[in-house]
Amino acid sequence: MILSDLAHCERYYSLNSAFAKVFDFVKNNDLLNSELGKIEIDGENIFIMNSEPECLLKENQVLEYHKKYLDIHILLTGEETIGWKNLSDCKQEEKKFDTEADFGLFKDEPTSYITLKPNEFAIIYPEDAHAPIIGNGKIRKLVVKIKI
């Protein structure tokens with residue numbers, strides 16, 4: 001997992017060929033005031049889920065993981081805590097991996113937590129089991145999905 005601020009996103013362009021396209025799109029469009037839902041950048045290869053979820057308490061959130069996509073979680077408003085644990089250390093399966101949905105769950109306790117503030121982002125790779133949307137109240141966030 002990588003944690004940073006949109007002001008420094010160029011530092012990560014060399015890690016994935018889609019990062020420049022994604023971050024340029026995010027920085028040059030008013031996504032805070034755009035409609036909620038899916039925004040396609042490159043079909044199913046690169047897209048954004050623009051959402052306004054209600055946060056959960058730490059004890060009510062589980063770890064999720066993906067194999068087909070990496071995520072970039074970008075916070076637009078509020079404050080969001082994300083739990084993290086190395087996927088290879090997860091043992092307590094909550095939901096078997098669904099290949100079609102690219103989604104599985106573990107109920108293990110995260111080993112660490114990070115807190116995002118507006119304009120900060122977390123790049124989450126398939127080896128990063130993560131428990132997003134922890135906090136209080138509603139937040140506005142983007143989850144960028146990049147096929148790997």
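Residues numbered from 1 in each chain as written. Predicted model: local features only at pLDDT ≥ 70, side-chain atom pairs only at ≥ 80, totals over all residues. Heavy atoms only, no water.

**So, the sheet that holds strand E12 (residues 140-147)**
Under the convention used in this document: At least two DSSP bridges between two strands are needed for those strands to be called paired. We count a stretch as a helix when DSSP gives it H or I for four or more residues in a row; a strand needs E for two or more, and each element gets its number in order from the N terminus. The axes are straight lines fitted to the C-alpha atoms, using for helices just the contacting stretch, and the angles between their N-to-C directions are given from 0 to 180°.
The 6 strands lie next to each other as E1-E10-E5-E12-E3-E2, forming an open sheet whose pairing is antiparallel. Looking at strand neighbours, the two that pair on one side only are strand E1 (2-5) and strand E2 (37-42), the edges of this open sheet. Across the sheet, the axes of successive neighbouring strands diverge by a mean angle of 20 degrees, strand direction being ignored. The pairing of E2 with strand E3 (residues 46-51) spans 5 bridges and is classified as antiparallel. Bridge assignment links Gly-37 to a residue of E3, and that residue is Asn-50.

**Some remarks on the environment of Phe-97**
Let me state the cut-off plainly: The contact rule is simple, with two residues in contact once any of their heavy atoms fall within 4.5 Å.
One can find Phe-97 in strand E7 (residues 93-98). Considered as a pair, Phe-97 and His-66 are 31 residues apart in the sequence and their alpha carbons are 8.3 Å apart. Excluding residues within four positions of it along the chain, Phe-97 makes contact with Tyr-65, His-66, Lys-67, Asp-102, Phe-103 and Gly-104.

**Some words on the side chain of Asp-71**
Heads up, the rule is: Partly exposed describes any residue whose relative accessible area lies between the buried limit of under 20% and the exposed limit of over 50%, with all areas from a 1.4 Å probe on protein chains only and scaled to the type maximum. Distance and chemistry together define a polar contact, namely a pair of N or O atoms within 3.5 Å, with one atom able to donate a hydrogen and the other to accept it when in protein, and with adjacent residues in sequence counting only for side-chain atoms on both sides.
Within the secondary structure, Asp-71 is located in strand E5 (residues 69-77). Asp-71 sits in the buried class, given a relative accessible area of 1%. Among the polar contacts made by the side chain of Asp-71, one reaches the side chain of His-73 at a distance of 3.2 Å. Side chain to side chain, Asp-71 and Lys-145 meet in a polar contact 2.6 Å long. Beyond its immediate stretch of four places on either side in the chain, Asp-71 contacts Glu-64, His-66, Ala-122, Ile-123, Ile-124, His-130, Val-143, Val-144 and Lys-145.

**Concerning helix H1 (residues 19-27)**
Definition in use: Arc definition: it is the arc formed by the directions from the helix axis to the C-beta atoms.
For H1, the complete set of buried residues consists of Phe-19, Val-22, Phe-23 and Val-26. The buried residues of H1 occupy one face: seen down the axis, they fall within an arc of 90 degrees. Of the surrounding secondary structure, the elements contacted by the buried residues of H1 are E3, E5, strand E10 (120-124) and E12.

**Topic: the layout of surface pockets**
Rolling a probe over the atoms, with the probe sized like a water molecule, indicates the empty space that remains. To be explicit about the condition: Within this scheme a cavity is a closed region of a 1 Å grid, computed over the protein atoms alone, that accommodates a 1.4 Å probe without allowing it to escape, whereas a pocket is open but has protein on both sides within 12 Å along at least five of seven lines; lining residues each have an atom within 4 Å of a point. Grid points are joined across faces, edges and corners, and a volume is the space filled by probe spheres set on the points. Only Asp, Glu, Lys and Arg are considered charged in this grouping, and only Ala, Val, Leu, Ile, Met, Phe, Trp, Tyr, Cys and Pro are considered nonpolar; every other residue, Gly among them, is considered polar.
Looking at the largest pocket, its volume works out to about 260 Å³. If you go around the largest pocket, you meet 18 residues; those closest to its centre are His-66, Asp-71, Ala-101, Phe-103 and Lys-145. Of all the elements in the fold, those that place two or more residues in the lining of the largest pocket are E3, E5, strand E11 (128-134) and E12. Grouping the constituent residues of the lining of the largest pocket by class yields 8 nonpolar, 3 polar and 7 charged.

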